[in-house]
Amino acid sequence: MNSGPDPLETSSSWLHKKFLETALRKGDNTPKLRVTSYDVKLAVGKGDNYCSDLFRVKIHTADGKVFNLIVKKELDAEGEFGKILQKSSAFLRETHMYRSAAVRMANILQEMSPGECSQFAARYLYSCPGTIVMQDLRAEGFKMAERRQGLDFSHCLLVMRMLARFHAASVVLHDRDLETMSLYDKSAFSDPEMQEGIQKFVSGTFRTVVKAVQTWPGFADRYAGKLDALADSMLDRIIQVTQRDDTAFNVLIHGDLWVNNILFRYSDGPVDVRFVDFQIPHFTSPAIDLQYFFSTSPCEDVRENHLDSLMKEYHNTLCECLNAMGYSHKHITLEDLWKEYNNKALYGLFGACCVLPIVLADKGFDIDAILKSGIGEEIEVVNGDTYKKALQRMLPKFEENGVFLSGEISSTHEFQNA
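Keep in mind it's a predicted model, so treat the numbers as computed, not measured.

Colleague: Explain the overall build of the protein chain here, please?
Modeller: Assigned secondary structure in the protein chain consists of 17 helices and 10 strands. Within the span of the protein chain, comprising 418 residues, buried residues form 58% of the whole. Expressed as a percentage of contacts within the protein chain between residues at least 6 apart in sequence, the contacts between residues at least 24 apart total 75%. Total accessible area on the protein chain stands at roughly 17700 Å², and carbon and sulfur atoms take up 47% of it.

Colleague: How do you make sense of the packing of helix H10 (residues 287-296) against helix H14 (residues 345-360) when you look at a structure like this?
Modeller: Two numbers describe a pair of packed helices, the interaxial angle and the distance between the axes. Running from N to C, H10 and H14 cross one another at 40 degrees; their axes reach a closest spacing of 8 Å. Taken as axis vectors, H10 and H14 run oblique relative to one another. At the point where H10 passes H14, the crossing takes the right-handed sense. Along the contact surface, H10 presents Ile 288, Gln 291, Tyr 292, Ser 295 and Thr 296, while H14 presents Ala 345, Tyr 347, Gly 348, Phe 350, Gly 351, Ala 352, Val 355, Leu 356 and Val 359. In terms of residue class, the contact of H10 with H14 is made up of nine nonpolar, five polar and no charged.

Colleague: What should I look at first to understand the sheet that holds strand E8 (residues 262-266) in this one?
Modeller: Sheet strands line up and pair through hydrogen bonds in the backbone, either parallel or antiparallel. A sheet is described by the order of its strands in space; here three strands give the open sequence E6-E8-E9, paired in antiparallel fashion. One side of each edge strand has no neighbouring strand; the edge strands of this open sheet are strand E6 (142-144) and strand E9 (270-275). Taken over all neighbouring pairs, the strand axes of this sheet differ in orientation by 40 degrees on average, direction set aside. Examined bridge by bridge, E8 and E9 share five bridges and lie antiparallel to one another. Note that in E9 the partner of Phe 264 across the bridge is Val 273.

Colleague: What is the right way to look at the environment of Tyr 347 in this model?
Modeller: By the secondary structure assignment, Tyr 347 is in helix H14. Judged by its relative accessible area of 1%, Tyr 347 falls in the buried class. For the pair Tyr 347 and Leu 290, spaced 57 residues apart in sequence, the C-alpha separation works out to 9.4 Å. Those residues in contact with Tyr 347 that lie beyond four places of it in its chain are Phe 189, Ile 238, Val 241, Thr 242, Gly 255, Ile 288, Gln 291 and Tyr 292.

Colleague: Which parts of the structure should I look at to understand the sheet that holds strand E3 (residues 66-74)?
Modeller: Strand order across the open sheet formed by five strands is E1-E2-E3-E5-E4, with antiparallel pairing between neighbours. Of all strands in the sheet, those bounded by a partner on one side alone are strand E1 (35-42) and strand E4 (124-128). Geometrically, the sheet is characterised by an average inter-axis angle of 25 degrees between neighbouring strands, direction not taken into account. Where E1 lies against strand E2 (residues 52-61), seven bridges are found, and the strand directions are antiparallel. Its bridge partner being in E2, Asp 39 is matched across the sheet by Lys 58. Sheet contacts for helix H2 (residues 17-27): E1, E2, E3, E4 and strand E5 (131-135); angle to E4, the most-contacted strand, approximately 130 degrees. Strands E3, E4 and E5 of the sheet are contacted by helix H4 (residues 90-112), whose axis makes an angle of about 35 degrees with E5.

Colleague: Just to check I follow, could you spell out helix H9 (residues 234-242) for this structure?
Modeller: Because each turn of an α-helix spans 3.6 residues, side chains separated by three or four positions end up pointing in the same direction. Listed as buried for H9 are Met 234, Leu 235, Arg 237, Ile 238, Val 241 and Thr 242. The arc that holds the buried residues of H9, viewed along the axis, is 160 degrees, so those residues lie on one side. Looking at the buried residues of H9, the elements they touch are helix H7 (192-213), helix H8 (220-230), strand E10 (282-284), H10, helix H13 (334-343) and H14.

Colleague: When you look at the environment of Thr 296 in this model, what are you seeing that I'm missing?
Modeller: Looking at where Thr 296 falls in the secondary structure, it is placed in helix H10. For Thr 296, a relative accessible area of 2% gives the class buried. Every residue in contact with Thr 296, bar those within four places of it in the chain, is listed here: Leu 257, Trp 258, Arg 303, Gly 351, Val 355, Leu 356 and Val 359. Of note is the side chain of Thr 296, whose polar atom sits 2.8 Å from the backbone oxygen of Tyr 292. At 2.9 Å, the side chain of Thr 296 forms a polar contact with the side chain of Ser 297.

What counts and how
- Residues numbered from 1 in each chain as written.
- Predicted model: local features only at pLDDT ≥ 70, side-chain atom pairs only at ≥ 80, totals over all residues.
- Heavy atoms only, no water.
- Helix = DSSP H or I, 4+ residues; strand = E, 2+ residues; numbered from the N terminus.
- Buried < 20%, exposed > 50% of the residue type's maximum accessible area, 1.4 Å probe, protein only.
- Contact = heavy atoms within 4.5 Å.
- Areas by Shrake-Rupley, 256 points an atom, 1.4 Å probe, with all protein chains shown as cover.
- Axes fitted to C-alpha atoms, helices over the stretch in contact; angles between N-to-C directions.
- Parallel < 35°, antiparallel > 145°, perpendicular 65-115°, else oblique.
- Left-handed = near helix turned anticlockwise from the far one by under 90°.
- Nonpolar A, V, L, I, M, F, W, Y, C, P; charged D, E, K, R; others polar.
- Pairing = 2+ DSSP bridges.
- Arc of directions from axis to C-beta.
- Polar contact = N/O pair within 3.5 Å; in protein donor to acceptor, adjacent residues only side chain to side chain.

Here it is, written out as structure tokens:
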């Protein structure tokens, strides 16, 4: 995990009654509100969050109201990852997303389906430099799924429908207001302040995976060298593959759509979903979100047997929403969506090698250690049967789509029928 002081112990210096009153007075539009009592707890456990400190706050006010909030604080700069994030645009992007873009996208969804829930994220209340205050979705019945089990088909179906709605609303907002979306023109990976740190993380985790693959009969000779050769060039190729093609169909991607950034509400199974953690959104190909999600978050049954139906559900929902929103420009066809998906397979490999180990880690993942050393550490999870089975099934498919080639990534259609 990230190093540094205990965030709960240090929160009292700033997360106090005056701060909470300011947040609620502005966010709830009640200028005379008074806080009578409040309780602060860490919102997530070890291994469930890496990019910020999250606090769950329950507040009682003088007029008898109870507020359940999440206060999101930028990571302290004492840790290596915190230093990178504080120099980057990540928190600025997320603040703008909650305060502006997400609100306007929700309004577009409301216009499409009056009276229906249009929310895909927590409701924003207040922000100041380095801090965002928002609705606590747990109080509304939302919670994380068990990340190490992987999401089953019913969970993934909800994600595809919500992702399609999110993407469709972003397309319409971009069409209506380029200025609002201008912050997301470039990938966070191309941010000069982040590149050195991300390079160390990517190359370090790749070399960790290489050490494991070298012990796998039938895979060592075929893939270990290819993965090792990518370690130092992977970030440049990620920047290339996430670059927007203005002649193609583009959306605002979440950018970090893995199981920990997705919350579900249940009633005899999952019935609703919300997205969290919008630090690296980017206006580019929808296939980036799809590749990342499918390489990091589903269970093996879904990844092996249900990808085709989930892609169809995403595409059907996307087109239905765009039509209902009156979007008159050309839609992406299912065939073209598959071509995009396969062309962006490199981002799936990034997810499989750099994020899936975090998903499967039992007690968290020491990102700071990799950032300090820049080399592969001995990480138990990559030697585990679950990770081994998942990556062994994905590697041949990534290879079929040209991720190990030094030139252009191929546009084969193998994943659809795999």
